[in-house]
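# Summary of structural features
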Amino acid sequence: MLRSLVGSEMCIRDSPWGLTPGEKQTVELIVSLLIILLITLGFCFIPAACVSFVVREKQNKTMHIQTVSGVSASAYFISSFLWDFLLYLIPGMMLVALIYGFDVQALARNTDALVLIVLLYGLSVVPYSYCLSFLFNEYANATVITLVFNIFCGIILMLASFIMSLFDSTKHVNDALRHVYFASPCFCLGYSLFELILYSINQDYHSITGLNTSVWSLSCYPPSEHGDKSTYNVNLGCVGTPLIYMMAEACFYLLLAIFLQARVCRACCSVSTSDSVVVEDTDWEDEDVARAVSYTHL
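Everything quoted here is computed from the prediction, not taken from an experiment.

Cut-offs applied
- Residues numbered from 1 in each chain as written.
- Predicted model: local features only at pLDDT ≥ 70, side-chain atom pairs only at ≥ 80, totals over all residues.
- Heavy atoms only, no water.
- Helix = DSSP H or I, 4+ residues; strand = E, 2+ residues; numbered from the N terminus.
- Contact = heavy atoms within 4.5 Å.
- Axes fitted to C-alpha atoms, helices over the stretch in contact; angles between N-to-C directions.
- Parallel < 35°, antiparallel > 145°, perpendicular 65-115°, else oblique.
- Left-handed = near helix turned anticlockwise from the far one by under 90°.
- Salt bridge = Lys/Arg side-chain N within 4 Å of Asp/Glu carboxyl O.
- Expected span 1.5 Å × (residues − 1).
- Bend = angle between axes of the 7 residues up to and from the residue.
- Buried < 20%, exposed > 50% of the residue type's maximum accessible area, 1.4 Å probe, protein only.
- Disulfide = S-S within 2.5 Å.
- Phe/Tyr/Trp six-rings, centres within 6.5 Å; stacked < 30°, edge-to-face > 60°.
- Lys NZ or Arg CZ within 6 Å of the ring centre and 35° of its normal.
- Patch = residues over 30% accessible without salt bridge, like charges linked within 9 Å, V, L, I, M, F, W, Y side chains within 5 Å.
- Areas by Shrake-Rupley, 256 points an atom, 1.4 Å probe, with all protein chains shown as cover.
- Nonpolar A, V, L, I, M, F, W, Y, C, P; charged D, E, K, R; others polar.

### Side note on the side chain of Ser184
- With respect to the element layout, Ser184 can be found in the loop between helix H9 (168-181) and helix H10 (185-201).
- Not counting chain neighbours up to four residues away, the residues in contact with Ser184 comprise Tyr128, Cys153 and Glu249.

Structure below.
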């Protein structure tokens, strides 16, 4: 109608404003969070596979045969640990290669931290799986339950911890519960990757405000630019704490698995000794036996 009244054509051009730095950070955070969820979900299958193998050997009496043949608990679990960790290096290094291949800058900007997270997760989750294997007698149930439990620890608890840290009313409770969550290597993996993404997104922000927080920092909430120790910025992440937990868990869970297997072996030996048949001496003697003994004395 307007064009018919004016008698000429009109051209309308729309040039919307670009995204602000804060909006860009939000979009990058959402995309990176989806990547973290997929990575954590995939790596939760690794401990389930380790548990399935150990429980299957126990169910098929393969572990019992090796034990009675003289294989110690330490030799069994250390050899299994080395083999499973070597197998883990294949998907672990493929993950690092895919991150660089698809140019995921939020993770690729800190190569040393990313590689260390992947390696320490493998070192800690394999013996962690061995400890979980003592809770099951059937490998099918062990695989399903372990997978669901690891997904819960690696994804649900990670998101819950992040959401609770956003509110002042739940921040202190979350700080206390986080040390319990760190007992799971799957939570350490998801949490450290998520904090690494937050740190990478805010590296430009650090250069503007003068906050030069290290990626290896032990505190997950460094002080704000005003210098107030009671004020913290949630967006400034770090990976130092989960890395220390994974290093400690790699040694602790392996020693715990060896200790539990040694106790199981000692318990089996004590039961077999107590159930052994004791033959009592009697004065009764068979006639044929007595005749044979008399022949030997001739």
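### Things to note about the packing of helix H3 (residues 45-59) against helix H8 (residues 139-164)
- At a minimum axis distance of 8 Å, the contact between H3 and H8 shows a crossing angle of 155 degrees. If you check the angle between H3 and H8, you find them roughly antiparallel. As H3 runs across H8, the sense of the crossing is right-handed. On the side of H3, the interface is formed by Phe45, Pro47, Ala48, Val51, Ser52, Val55, Arg56 and Gln59, while H8 contributes Tyr139, Ala142, Thr143, Thr146, Leu147 and Asn150.

### So, the pattern of salt bridges
- Under the defined criterion, the tally for this structure stands at two salt bridges.
- A salt bridge links Asp168 to Lys171; the nearest nitrogen and oxygen atoms lie 3.6 Å apart. A residue pair is termed a helical-turn pair when its members lie 3 or 4 positions apart in one helix, as Asp168 and Lys171 do in helix H9 at three residues.

### Some remarks on H8
- Under the 1.5 Å per step criterion, the end-to-end length of H8 is 36 Å for 26 residues, consistent within 8% with the ideal 38 Å.
- Of all the bends found along H8, the most pronounced is centred on Phe152 and spans about 30 degrees.
- Those residues of H8 that sit buried are Ala142, Thr146, Leu147, Asn150, Cys153, Gly154, Ile155, Leu157, Met158, Ser161 and Phe162.

### So, the state of the cysteines
- The tally for this structure, following the rule as stated, stands at zero disulfides.
- Of all cysteine sulfurs in the structure, the one in Cys44 sits closest to Cys186, which takes part in no disulfide; the separation is 4.2 Å.
- Judged by its relative accessible area of 0%, Cys186 falls in the buried class.

### Here's the deal with the packing of aromatic side chains
- For the coordinates displayed, the defined rule picks out 16 aromatic pairs.
- Plain terms: the ring middles of Phe81 and Phe85 are 6.3 Å apart, the flat faces sit at 15 degrees to each other, and that makes the pair stacked. Highlighted residues: Phe81 and Phe85, both in helix H5 (residues 73-101), separated by four residues, approximately one helical turn.
- Residue Phe81 is classed as buried on the basis of its relative accessible area of 11%.
- A relative accessible area of 15% means that Phe85 is categorised as buried.
- With a centroid separation of 6.0 Å and an interplanar angle of 55 degrees, the aromatic rings of Tyr88 and Tyr121 are classed as tilted. Pair noted here: Tyr88 is in helix H5 and Tyr121 is in helix H7 (residues 111-132), with a separation of 33 residues, a long-range link.
- Taking relative accessible area as the criterion, Tyr88 reaches 3% and is therefore assigned buried.
- Taking the relative accessible area as the measure of exposure, Tyr121 reaches 0% and is therefore buried.
- Among the aromatic residues, those joined into a ring-pair cluster are Phe43, Phe81, Phe85, Tyr88 and Tyr121.
- Above the face of the Tyr139 ring, Arg56 is positioned so that its terminal group lies 4.3 Å from the ring centre.

### Topic: the side chain of Ser52
- Position of Ser52 among the secondary structure elements: in helix H3.
- By relative accessible area, Ser52 is classed as buried at 11%.
- If we skip the residues at most four places from it in the chain, Ser52 touches Tyr139 and Thr143.

### Quick look at a nonpolar patch on the surface
- Together, Trp83, Leu86, Leu87, Ile90 and Met94 give the surface a local cluster of nonpolar side chains, amounting to about 550 Å² of exposed area.
- Inspection of the secondary structure assignment puts Met94 in helix H5.

### Describing the packing of H3 against H5
- Close contact between H3 and H5 brings their axes to 11 Å; oriented N to C, the two are set at 145 degrees. In the crossing of H3 with H5, the sense of the turn from one axis to the other is right-handed. For the pair H3 and H5, the contacting residues are Ile46, Cys50, Val54 and Glu57 in the first and Tyr76, Asp84, Tyr88 and Pro91 in the second.
- Here the residues of the contact of H3 with H5 are counted per class, giving six nonpolar, no polar and two charged.

### Concerning H10
- With 17 residues, H10 extends 24 Å from end C-alpha to end C-alpha; this agrees with the ideal 24 Å at 1.5 Å per step.
- Along H10, 17 of the 17 residues are buried, which leaves the element largely enclosed by surrounding structure.

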